[in-house]
Amino acid sequence: MKRSEINRAIKAMEGMIEKVGFSLPPFCHFTPKDWADKNHEYDEIRDNLLGWDVTDYGKGDFNKIGFSLITLRNGNLKNKKYTKTYAEKLLYLEESQYSPMHFHWNKMEDIINRGGGNVLIRVYNSTKDGELDKVNPVKVHCDGREREVPAGSQVKLTPGESITVYPYMYHDFEIKKGTGPVLLGEVSMCNDDEHDNRFYEEMGRFPKIEEDEAPYRLLCTEYPNAK
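All of the points below concern the structure found in this document. Every chain begins its residue count from 1, and numbering advances along the sequence as written. Local features in this predicted model are restricted to residues of pLDDT 70 or higher, and side-chain atom pairs are both shown and tallied only at a pLDDT of 80 or more, whereas totals for entire chains, interfaces and linings draw on every residue. The side-chain numbers reported here are obtained from all heavy atoms of the structure, hydrogens and water having been left aside.

**Some thoughts on the overall build of the protein**
- Think of it this way: any DSSP run of H or I at least four residues long counts as a helix, any run of E at least two long counts as a strand, and we number them from the N terminus. In terms of helices and strands, the protein carries three helices and 14 strands.
- Atoms counted for the radius of gyration: C-alpha only. Globule rule: 2.2 Å times the number of residues to the power 0.38. Scaling as 2.2 N^0.38, a compact globule of 227 residues should have a C-alpha radius of gyration of about 17 Å, and the protein matches this with 17 Å.
- Projected onto its principal axes, the C-alpha positions of the protein cover 55 × 40 × 35 Å.
- The cut-offs for exposure are 20% and 50% of the maximum accessible area for each residue type, with area from a 1.4 Å probe on protein chains only; residues under the lower value are buried, those over the upper are exposed, and the others partly exposed. For the protein, the residues scored as buried account for 50% of the 227 residues in total.
- It only takes one pair of heavy atoms within 4.5 Å for two residues to be counted as in contact. Counting only contacts in the protein whose residues sit at least 6 apart along the sequence, the fraction spanning at least 24 positions is 75%.

Written as structure tokens, this is what we have:
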């Protein structure tokens, strides 16, 4: 991805967050210059990859396959220093964007429509060999309601609605055309994007960056070491 694409994506997400009235923690506003002076008091942000995250999944077409997110809080299963057993994110998708089919081996999560348009989440069970189970219905839990939907159904979430996504439940995201961009919340068990994502089609998680302009915000994988 070009840095200019990342900068535009972050600014667009900031605008949506302001529109729905959500307030971000201070570290989300740190500039690259601010980060140069941050000491070990901020190691939790560095170690647990808190902050901005923009990805095109290595496909090179962010406007079609990709989205922007912020990890607001997270534990760390690899470091006993951090005892949180939960995580929280914000996710932002434009109408044209798609987040591809995947499941998590360990993480259970609630996906919440925090505002904007309507999000469509397609769901499948996974077979034992990691394929899509296109036969058996999927049990879904949405805001206290349990029901079964046919394999491959899209569950629509309007603002305020949520769905619980269990381990080994394949899911993807797209926006219902004509409803506008969406800000999603994610409340989950500890998040580990390096080891706990199983994409149905092979793809990357973090982008390679072409530096065509100065960064507006550093991504969570770019923080300098503490002095």
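Now that the structure is up, let's keep going.
**Observations regarding the state of the cysteines**
- By disulfide we mean two sulfur atoms from cysteines, separated by a distance within 2.5 Å. Under the criterion given, the structure shown has zero disulfides.
- Just so you know, C190 is unpaired, no disulfide at all, and the nearest cysteine sulfur is the one on C220, 15 Å from it.
- We classify C190 as buried; its relative accessible area is 10%.

**Here we look at the packing of aromatic side chains**
- Two aromatic rings from Phe, Tyr or Trp, using only the six-membered ring of Trp, form a pair when their centres are within 6.5 Å; if the ring planes differ by under 30 degrees the pair is stacked, by over 60 it is edge-to-face, and anything between is tilted. Enumeration over the complete set of coordinates arrives at ten aromatic pairs.
- Arranged with centres 6.4 Å apart and planes meeting at 75°, the rings of W35 and Y42 form a pair that is edge-to-face.
- Its relative accessible area of 1% is what places W35 among the buried residues.
- On the basis of relative accessibility, which here comes to 24%, the residue Y42 falls in the partly exposed class.
- By way of ring pairs, the aromatic residues F103, W105, Y168, Y170 and Y200 are connected into one cluster.
- Its guanidinium or amino end placed over the ring of F30, K38 lies 4.3 Å from that ring's centre, counting from NZ or CZ.
- In this analysis the charged atom, NZ for Lys or CZ for Arg, is taken to sit over a ring once it is within 6 Å of the ring centre and within 35 degrees of the ring normal. Across from the ring centre of Y216, 4.2 Å away, lies the NZ or CZ of R217, which sits over that ring.

**Looking at the nonpolar core**
- Among the nonpolar cores identified, the biggest contains 26 residues, and M13, L24, W52, V54 and I70 are the most heavily contacted of them.
- Broken down by secondary-structure element, the contributors of at least two residues to this core are α1 (3-20), β1 (51-55), β2 (67-74) and β3 (86-93).
- If you tally residues by element for this core, the top one is α1, at six residues.
- Not counting the four nearest positions on each side in its chain, W52 is found in contact with I10, M13, E14, L24, C28, L69, I70, R217, L218, L219, C220 and Y223.
- By nonpolar core is meant a set of buried Ala, Val, Leu, Ile, Met, Phe, Trp, Tyr and Cys residues that side-chain atoms within 4.5 Å join together. Core analysis: the second largest hydrophobic core is formed by 24 residues, Y57, L93, C142 and I175 among them.

**Details of α1**
- The span you would expect from a helix comes to 1.5 Å times its residue count less one. Helix length check: α1, at 18 residues, gives a terminal C-alpha distance of 26 Å against a target of 26 Å (1.5 Å per residue), a fit within 8%.
- Looking only at α1, the buried set comprises R3, S4, I6, N7, A9, I10, M13, E14, M16 and I17.
- Summarising the contacts, the buried residues of α1 are in contact with β1, β2, β3, β5 (109-116) and β13 (182-189).
- At the exit of α1 stands G21, carrying a positive phi of roughly 85°.

**Observations concerning the pattern of salt bridges**
- Salt bridge, as applied in this entry: a Lys or Arg side-chain nitrogen positioned within 4 Å of an Asp or Glu carboxyl oxygen. Taken as a whole and assessed by the stated rule, the structure comprises twelve salt bridges.
- Of the charged contacts in the structure, one is a salt bridge between E211 and R3, with a shortest N-O distance of 2.7 Å. One end of the pair, E211, is in the segment after β14 (198-199); the other, R3, is in helix α1, and 208 residues separate them in sequence.
- Using a relative accessible area of 2% as the deciding quantity, one classes R3 as buried.

**Examining the side chain of N113**
- With respect to the element layout, N113 can be found in strand β5.
- Setting aside anything within four residues of it in sequence, one finds N113 in contact with N118, V119, L157, T158, P159, G160, E161, V182, L183 and L184.

**Let's talk about the side chain of R46**
- Within the fold, R46 resides in helix α3 (residues 43-47).
- Here a polar contact means two N or O atoms within 3.5 Å. Within protein one must be a hydrogen donor candidate and the other an acceptor candidate, and residues neighboring in sequence count only if both atoms are side-chain atoms. A distance of 2.9 Å separates the side chain of R46 from the backbone oxygen of P224, its partner in a polar contact.
- Aside from chain neighbours lying at most four places away, what touches R46 is W35, K38, N39, H40, Y223, P224, N225 and A226.

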